[in-house]
Structures are given as structure tokens and as C-alpha cells.
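The chain contents come next:
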Amino acid sequence: MEDNELHQWLIDSFGPVQGEMAWKQFSTLPDSIREQIMSQGVEGLPKPSEVRSLAEALTAGGLNTMGDVQRTVNEGPINVKLAESIALNKTRESNAATVVSAQDGAAARRALSEANLWLDSTVEFDPVKNTPEVLTRSEWVEKTLPAWASFAAPVAESMNDALASVISERLGGALDGEVAGMFAGPVPIPIPEDLKDPATLMKLLGNTSFAMQLGSAAGDMSSEVHGSFDQGIALLSNPAGALIPENINAYADALELDHAEVMAFLALNEVAHARLFAGVPWLMPRFEALIGKYARGISIDLDAMEEQLREAEMMNPESIAGAVNLTKVGIGDTPEQQEALSSLERLLALVEGWVDCVVWRAGMAHIPHIEQLREMMRRERAIGGPAERTFESLLGLQLRPKRLREAADLWESITSLNGPHIRDGKWTHPDMLPALADANTAFDSSATQQAAGSADSSATSEVDWDAELSKLLDEDAGGSDSSKDAHPENDEDDE
């Protein structure tokens, strides 16, 4: 590579002023370093567009001065301001509405008010005193992103430590106290003096890369969510919840159902969640504790991260963010994590099952297509909606939403046998919650009766007559063919 080629690359990457500064910095490097850079050719350096994109990402994250950098690094493992900027850009790219129209706002508020009236006869928990909100996609991003960042912080901390370790120990590290190139050797980038400390720059890089993942996920979710409790947990500081009319109308169009009917159903779901979380003060702290316990146990495969980083496009921050995605570099769960995950799955299932139960009871007289809407929501959870994808990507949590059906059946049984008062009273303390069957075991009547607290299971248990008839026929067949009992090896194909 000739001197003029490197000179032009610096100008293209950093602009005329900063490029000239970098050229002067290059001339002061040791001869061995200059020769290494010149020998690899321009193709061995990051593309100017990638360098500019990194600078733009840092600027978007509010990193305009050295004070901004230090503040961002000290505030935590995620640059929340950058994540919000990326998410809001996605909402603008989707041509999202900047304000809620008067018509949509009135329809949403009316649906929320009616939902509270309908729930009064089926739920023991009081209405939330606060007023539910009606949000645009961008407002949903701004109001829920702090909660996402809080949940993701322990994982981001582990990811950032691993990233710093891989880059500093395996991919170049530092040279005479100054930052070296991550891949092909030192690159003379004109950065503030304080950022030449590798530890600071590595924290900043990790902080930025995870923020880009979080921002991208939140931006994608903003066009899919219907309310603030779609994830099964409370994300807003307002305990009364919220609806996003723009997304609800699009959802109704896709289902080819009346907008008002779909709005009513989703308002019921939102208000039911709000009443439960407001009426059970230990519920959200319990979620936070379980998510934190799981996230703090995350371990990173340094070899996998090194491989991902080597395949990344050098300075491109989006490529680096993809390289440190937990789904690519995470290590299998520890026993402690499996325990936390099991508890989290159970609690999520019980919350969603309770909401499913009370929404059906409250809305069946008012919403003509409630069965179709109920089934559609269950199926969407089963195939993995925005919540499941985000948890898996950011926290490594793979939920089992099929347990929603089991939990809904359990709550319905409790309601039928003992009434809403006993059902909702089981949320008084975590130890009073009904027990779900093992993940691989179907519910039987005895388990349901025990969970319901029924003293007389024989009088109320449901009988699957088809199953009982099949059992009798099998026993008759077995009695006439004793050879199977004598030779169990013949049963290998009867699994």
C-alpha cells in the first residue's frame, strides 16, 4: 500500500480534519507498526463506511465528548440512550403514526373502560387507580425500554467482560498502553487520549454492541405489541397499562375481524394483567428476581465469541453486535439456571393462564369471536412472538408457552369448583399458588383437584370416557394374550 492510499483512506474514514490528524499520528508510530499496516494493503483495513457507521453509532448514543463517554461507561453495561435511538429510528422507518388519532384514542379508552366493567363481576382484584395510557409505537419504546435494559443488564455485563477479554487477550490487545487493531494489527484511529486505555474502549464497545441488539429488538417489537403486558410482565411505570391502537387496528385487519371487537378483547387482556400485577405486590419483584438469577448465571464461550468476532466485518458495529449475540456464544444452563428457568416458566404460565381464564369469563357475553381470538393468541404464543424472541436473544430464555393451556385449564377448574374468591385468593402468597404438572406429564383429575383445594375429588372429577373405554378394551385384549406379559421384548414396537 502506498502512502497516498492510506492517506486517502484516513480522510474517507474520518473526514478532512480528523483524517489529517490521523495521518500525522500515523507518522509518529514505530517503524515496525507502520510497515505492518502498509504491507497489508487497503483491503486489510476496515471499510471507510464501517468506520463512519461506528462513529455515527457512538454519536447517536450521546457520546459527543469524553465526559459523555465516561458517563456512559459508568452508568452501566448498556447504552440505553443509543438503544432508544435505534429503536425509534425503526419506528420511523415503519412509517408509524407520530400521534394517536382522536378516533383511535377514544375507541381504545372506551374499550379499556368497558373491560374494567366486565371484569368487575369475574375478578376479585380491584381496578387499578391510575388511568391506562394510549400510546404510539415510539411512546411504547420510550416508556418500556428502561425495563428491558434493567432485565438485560446482568447478561450485558457478562457479555461485555467476555468481549473485553477476547479482544484484549486474543485479538490484538494493547500496544504501549494504546489500543491496537482487533484483527489485523494496530490501526491509527484518532480518538481522545482517555479512550486509548483498552479497558475503557472495550467497555464502550460492549456497551454499544449490546445496546444495538436491545434497540433493534425493541424497534421490531414496537410494530407487533398490542399493549404493555404482551410479554406477561409489567414494563410500564404506569400500573394501569396501555394499548397501541395502530398495531391493534393492523392486527384486526390481518384477522379480518371488526376493529372494535379485537380492541375489546385486547383491552380485556391488558386490564386483567394490570389488576393482577397491581393486586399482587410480590409478583413483579418475583419475576425480576428469577430473571436476574438466570441472567447472572450466563456464561460466555470465549472460543465461540472469538470465532464470531473474526468473522465480523471489522469496524462495523452492527456486525460486532451480531457477533456477540447470546444465541451464538452462550454456554448451556447450569443447574441453578435451570431451576430459575423452571420457576420462571411456571410463574409465567400461571399468570397467562389466569388472564386467559378471566378474560374468557368476562368477555364471552360481549365479544362474538372470543373463542377464535383466544385460540389465535394461544397459537401465537406457542410459535413464539416478539416476547419469546427477545428473551431468547437478550437473556437466553426459551419459554414453553404450551403450559399456558394447562394453566388456563387449571384456573378454570378452580373457578368452577370454588369460585373467583378462592381462585384469586391463591395469589396471596407464592406458596399458595396451584401446582402445575411436570412439563412432560399431562394434567390428570387428581392433580387438578389437589390444586383446586377440593375436599371431595371423587364427586367432581372429570372422566375421559374414551380413554377409560380404551383402557378396558386393552385389558380385555391383554387377558386373552398372556404371551405379551411373559415376553415383554415383543412390546418394543408398541411404544
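Just so it is clear, the structure is predicted and the values come from calculations on it, not from any experiment.

**Q** Break down the overall build of the protein chain for me, citing the residues and quoting the values.
**A** If you tally the helices and strands in the protein chain, you get 22 helices and four strands. Restricting to contacts in the protein chain with at least 6 residues of sequence separation, those with at least 24 account for 76%.

**Q** Lay out unusual backbone geometry with the relevant residues and their values.
**A** Residues other than glycine seldom take positive phi values, yet Asn 95 does so here, at roughly 55°. Examined against the element boundaries, Asn 95 turns out to sit in the loop between helix 5 (80–93) and helix 6 (102–120). For Asn 95, a relative accessible area of 66% puts it in the exposed group.

**Q** Tell me about helix 16 (residues 370–383), and please be specific about residues and values.
**A** In this model helix 16 runs 20 Å from its N-terminal to its C-terminal C-alpha over 14 residues, within 8% of the 20 Å that 1.5 Å per residue would give. Within the span of helix 16, buried status applies to Ile 370, Leu 373, Arg 374, Arg 378 and Arg 381. What you see down the axis of helix 16 is that its buried residues fit within an arc of 135°, all on one side. Facing away from the buried side of helix 16, by more than 90 degrees, are the exposed residues Arg 379, Ala 382 and Ile 383. Trailing helix 16 by a residue or two, Gly 384 shows a phi angle of about 95°, which is positive.

**Q** Kindly report on the confidence of the model for the protein chain, identifying the contributing residues and their values.
**A** The pLDDT averaged across the protein chain works out to 75; a share of 63% of its residues lies at or above 70. Per-residue pLDDT stays below 50 along residues 173–192; that stretch engages in 59 contacts with residues further than four places along the chain or on separate chains. The low-confidence segment residues 439–495, where pLDDT is below 50, has 33 contacts with residues more than four positions distant or belonging to other chains.

**Q** Pulling in residues and values, what's your account of the environment of Val 155?
**A** The topology assignment puts Val 155 in helix 7 (residues 137–170). Overall, the relative accessible area of 0% leaves Val 155 in the buried class.

**Q** Pulling in residues and values, what's your account of the side chain of Thr 144?
**A** In this fold, Thr 144 is placed in helix 7. With residues near it in sequence (within four places) discarded, Thr 144 still touches Leu 235 and Leu 236.

**Q** Before we move on, could you go through the packing of helix 11 (residues 283–296) against helix 15 (residues 335–363) and cite the residues and values that matter?
**A** Running from N to C, helix 11 and helix 15 cross one another at 150°; their axes reach a closest spacing of 8 Å. One finds that helix 11 runs roughly antiparallel with respect to helix 15. For the pair helix 11 and helix 15, the crossing hand works out as left-handed. For the pair helix 11 and helix 15, contact is made by Leu 283, Arg 286, Phe 287, Leu 290, Ile 291, Lys 293 and Tyr 294 and by Glu 336, Gln 337, Glu 339, Ala 340, Leu 341, Ser 343, Leu 344, Leu 347, Leu 348 and Val 351, respectively. A per-class count over the contact of helix 11 with helix 15 returns 11 nonpolar, two polar and four charged.

**Q** Lay out the side chain of Thr 122 with the relevant residues and their values.
**A** You can see Thr 122 is positioned in the loop between helix 6 and strand 1 (133–134). Not counting the four nearest positions on each side in its chain, Thr 122 is found in contact with Val 358, Arg 361, Ala 362, Pro 420 and Arg 423.

**Q** Could you give me a rundown of the packing of aromatic side chains, with the residues and numbers involved?
**A** Scanning all chains against the criterion turns up five aromatic pairs. Chaining the aromatic ring pairs together yields one cluster made of Phe 229, Phe 277 and Phe 287.

**Q** I'd like to hear about the packing of helix 9 (residues 245–255) against helix 10 (residues 259–279), residue by residue, with values.
**A** Each packed pair of helices is defined by two parameters, the angle between the axes and the distance between the axes. Interhelical geometry of helix 9 versus helix 10 gives an angle of 120° and a closest axis separation of 9 Å. By the angle between their axes, helix 9 is oblique relative to helix 10. Pair helix 9 / helix 10 crosses with right-handed handedness. Packed against helix 9, whose contacting residues are Pro 245, Ile 248, Asn 249, Tyr 251, Ala 252 and Asp 253, the element helix 10 presents His 259, Val 262, Met 263 and Leu 266 at the interface. Tallied by class, the residues present in the contact of helix 9 with helix 10 amount to seven nonpolar, two polar and one charged.

**Q** Tell me about the pattern of salt bridges, and please be specific about residues and values.
**A** Counted according to the given criterion, the structure contains 11 salt bridges. Here Arg 378 makes a salt bridge to Asp 356, at a shortest N to O gap of 2.9 Å. In this pair, Arg 378 is assigned in helix 16 and Asp 356 in helix 15, connecting sequence segments 22 residues apart. For the residue pair Arg 378 and Asp 356, the accessibility class agrees, reading buried in each case. Across the pair Glu 412 and Arg 361 runs a salt bridge, and its minimum N-O distance is 2.6 Å. Of this pair, Glu 412 sits in helix 18 (residues 403–425) while Arg 361 is found in helix 15, placing the two residues 51 residues apart along the sequence. Taking the relative accessible area as the measure of exposure, Arg 361 reaches 26% and is therefore partly exposed. Three or more residues are tied together by salt bridges with common partners; here these are Asp 356, Arg 374 and Arg 378.

**Q** Which residues make up the nonpolar core, and what values go with them?
**A** In terms of nonpolar packing, the biggest core is built from 100 residues, with Leu 283, Phe 287, Trp 354 and Trp 427 touching the most fellow members. In this view, Leu 283 contacts Leu 276, Phe 277, Leu 347, Val 351 and Trp 427; residues no more than four positions away in its chain are not counted.

Cut-offs applied
- Residues numbered from 1 in each chain as written.
- Predicted model: local features only at pLDDT ≥ 70, side-chain atom pairs only at ≥ 80, totals over all residues.
- Heavy atoms only, no water.
- Helix = DSSP H or I, 4+ residues; strand = E, 2+ residues; numbered from the N terminus.
- Contact = heavy atoms within 4.5 Å.
- Buried < 20%, exposed > 50% of the residue type's maximum accessible area, 1.4 Å probe, protein only.
- Expected span 1.5 Å × (residues − 1).
- Arc of directions from axis to C-beta.
- pLDDT = per-residue confidence, 0-100.
- Axes fitted to C-alpha atoms, helices over the stretch in contact; angles between N-to-C directions.
- Parallel < 35°, antiparallel > 145°, perpendicular 65-115°, else oblique.
- Left-handed = near helix turned anticlockwise from the far one by under 90°.
- Nonpolar A, V, L, I, M, F, W, Y, C, P; charged D, E, K, R; others polar.
- Phe/Tyr/Trp six-rings, centres within 6.5 Å; stacked < 30°, edge-to-face > 60°.
- Salt bridge = Lys/Arg side-chain N within 4 Å of Asp/Glu carboxyl O.
- Core = buried A, V, L, I, M, F, W, Y, C linked by side-chain atoms within 4.5 Å.

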